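# Summary of structural features
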Amino acid sequence: MRPGALAAGVVPHGKGEGFAAFADYHTWLFAFDDEYCDEAENADVDVTEWAAFLARLHRVAETGDIGLLPDNTYAWALRDVASRISACATPTQFCDWADAVRSYFAALVWERSRRRIGEKPQRLDDYLLLRLRNGAMQSSIALLDVAGGYVMPRESRDTPEVRALVEMCAVLVSLDNDIFSHHKESQHGSAEVNLLDVLAAERQATTAEALQEAVVLRNTVMRRFVELSERTVTPEAGVELRRFVGSLGRWVRANLDFSLVTTRYAGPVRERLVLGPSAPDPRPAGGASAPDSAVIGWWWRTPDAAWAGERRQPSRRADPPTR
């Protein structure tokens with residue numbers, strides 16, 4: 001699968017141990033997902049046991065104490081990666097990553113609990129809410145500045161524009177993975193729910209129709225991502241903000257490049273996407289109209305409201321306050 005190539009595509013100018021830990025964390029994620037999350041034989045694990053295991057696993061990463069899972073190789077590997085991240089990151093960067101891992105694990109518990117009672121997300125909004133977290137993208141994004149050898153200022157990272165871009169990046173990568181991985185999952189008895197399955201069930205559509213609608217949805221998000229990225233990275237933006245937003249865009253591009261060559265997603269869907277015509281998109285090419293979604297609709301509303309108000313990038317001038 002060569003997951004290191006994916007990491008290199010995301011952060012092509014990665015620095016030292018921070019980048020090495022970033023790459024190894026993604027190798028861990030791929031292996032963990034395949035062994036614990038994706039295959040049907042693990043789907044019958046009791047939800048309480050699953051939640052307890054993930055809580056212990058997170059505590060190992062958070063503290064470095066292996067005592068809770070002394071015989072688990074994934075715990076040892078995650079402990080190693082976490083210790084290396086801690087050694088080259090600021091305390092805030094490490095805590096942001098650890099919090100994002102906790103959120104990822106919580107989403108896995110929600111996903112497993114719904115699966116156990118046969119309540120797979122059949123509404124698109126439920127699925128998008130799950131996909132914001134269960135792909136571990138937020139934990140990867142939390143390491144972008146660590147891997148790049150800089151520190152993203154908190155006042156820039158927490159703006160509505162950047163928060164929306166982070167979420168769009170996470171969803172775009174997850175949706176693209178759904179489109180590429182549907183064949184693999186359907187052939188190997190995966191217990192995971194896929195975007196195409198959700199759309200087919202909600203719209204009472206065929207798989208081919210669901211694929212076309214999935215591409216339309218991701219392209220709508222992609223246009224908004226590009227639009228907001230260009231508006232956020234102004235000539236006045238700080239260098240860290242420019243690098244961070246650039247890395248979000250590279251994540252989307254690198255994931256597509258990786259998906260087109262990795263053996264992980266080989267199959268007829270990929271061949272159609274590579275060799276066949278693009279799915280028609282009925283929306284006008286010049287704009288990104290907001291979908292009717294309570295989960296992602298704010299990407300089109302809140303950032304625009306923030307830009308329309310008084311808040312802008314902090315001034316570099318040191319003028320005294322006036323009354």
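Our subject is the structure that appears above.
Residues numbered from 1 in each chain as written. Predicted model: local features only at pLDDT ≥ 70, side-chain atom pairs only at ≥ 80, totals over all residues. Heavy atoms only, no water.

### Observations concerning the overall build of the chain
In terms of helices and strands, the chain carries 15 helices and zero strands. Going through the 323 residues of the chain one by one, you find that 50% of them count as buried. A separation threshold of at least 6 residues defines the contact pool for the chain, and within that pool the share at least 24 residues apart is 76%. Summed over its atoms, the accessible surface of the chain is roughly 15,400 Å², and 54% of this surface lies on carbon and sulfur atoms. (Helix = DSSP H or I, 4+ residues; strand = E, 2+ residues; numbered from the N terminus. Buried < 20%, exposed > 50% of the residue type's maximum accessible area, 1.4 Å probe, protein only. Contact = heavy atoms within 4.5 Å. Areas by Shrake-Rupley, 256 points an atom, 1.4 Å probe, with all protein chains shown as cover.)

### Focus on helix α1 (residues 3–10)
Within the span of α1, buried status applies to Pro-3, Leu-6, Ala-7 and Val-10. Buried residues in α1, looked at end-on, bunch into an arc of 95 degrees, giving them a common side. (Arc of directions from axis to C-beta.)

### Concerning the packing of aromatic side chains
For any two aromatic rings, the description comes down to two numbers: the centre-to-centre distance and the angle of the planes. Applying the stated rule across the entire model yields 17 aromatic pairs. Between the aromatic rings of Tyr-36 and Trp-50, the centroid separation amounts to 6.4 Å while the plane-to-plane angle is 25 degrees, which identifies the pairing as stacked. Taken together, the residues span a long stretch of sequence, with Tyr-36 in helix α2 (residues 16–38) and Trp-50 in helix α3 (residues 47–63) at a distance of 14 residues. For the pair Tyr-104 and Phe-105, a centre-to-centre distance of 5.4 Å together with 40 degrees between the ring planes defines the contact as tilted. Exposure class is identical for Tyr-104 and Phe-105. Each is buried. Taking NZ or CZ as reference, Arg-112 lies 4.3 Å from the ring centre of Trp-50, over its face. (Phe/Tyr/Trp six-rings, centres within 6.5 Å; stacked < 30°, edge-to-face > 60°. Lys NZ or Arg CZ within 6 Å of the ring centre and 35° of its normal.)

### With respect to unusual backbone geometry
The backbone phi angle of Ala-136 is positive, close to 65 degrees, even though this residue is not glycine. Looking at the secondary structure, you find Ala-136 in the loop between α6 (124–131) and α7 (137–141). The buried category is assigned to Ala-136, whose relative accessible area is 2%. Look at Gln-204: it is not a glycine, yet its phi comes out positive at around 55 degrees. Mapped onto the secondary structure, Gln-204 falls in the loop between α11 (195–203) and α12 (207–232). Assessed through its relative accessible area of 75%, Gln-204 is described here as exposed.

### Some remarks on the packing of α11 against α12
Contact geometry of α11 with α12 gives a least axis separation of 8 Å together with a crossing angle of 110 degrees. Our classification of the angle between α11 and α12 gives roughly perpendicular. Of the two possible hands of crossing, α11 and α12 adopt the one that is right-handed. In this structure, α11 uses Leu-195, Leu-196, Leu-199, Ala-200 and Arg-203 to contact α12, whose residues at the interface are Thr-207, Ala-210, Leu-211, Glu-213, Ala-214 and Leu-217. Considered class by class, the residues forming the contact of α11 with α12 number eight nonpolar, one polar and two charged. (Axes fitted to C-alpha atoms, helices over the stretch in contact; angles between N-to-C directions. Parallel < 35°, antiparallel > 145°, perpendicular 65-115°, else oblique. Left-handed = near helix turned anticlockwise from the far one by under 90°. Nonpolar A, V, L, I, M, F, W, Y, C, P; charged D, E, K, R; others polar.)

### Details of the packing of α3 against helix α4 (residues 73–88)
α4 packs onto α3 with a crossing angle of 30 degrees between their chain directions and a minimal axis gap of 8 Å. Classified by the angle between their axes, α3 and α4 sit roughly parallel to one another. Relative to α4, α3 is oriented so that their crossing is right-handed. Residues Leu-57, Val-60 and Ala-61 of α3 form the contact with α4, whose participating residues are Tyr-74, Ala-75, Leu-78, Arg-79 and Ala-82.

### Comments concerning the environment of Phe-258
Inspection of the secondary structure puts Phe-258 in helix α13 (residues 239–261). What makes Phe-258 buried here is its relative accessible area of 6%. Placed 251 residues apart in sequence, Phe-258 and Ala-7 show a C-alpha to C-alpha distance of 9.7 Å. Setting aside residues no more than four positions away along its own chain, Phe-258 makes contact with Met-1, Arg-2, Pro-3, Leu-6 and Phe-30.

### Description of the environment of Ala-5
Looking at where Ala-5 falls in the secondary structure, it is placed in helix α1. As for Ala-5 and Ala-23, which are separated by 18 residues in sequence, their C-alpha atoms are 8.5 Å apart.

### Some thoughts on the nonpolar core
Ranked by internal contacts, the top residues of the largest apolar core, which has 92 residues, are Phe-22, Phe-32, Leu-57, Trp-97, Phe-105 and Trp-299. Top contributing element to this core by residue count: helix α10 (residues 160–187), with 12 residues. (Core = buried A, V, L, I, M, F, W, Y, C linked by side-chain atoms within 4.5 Å.)

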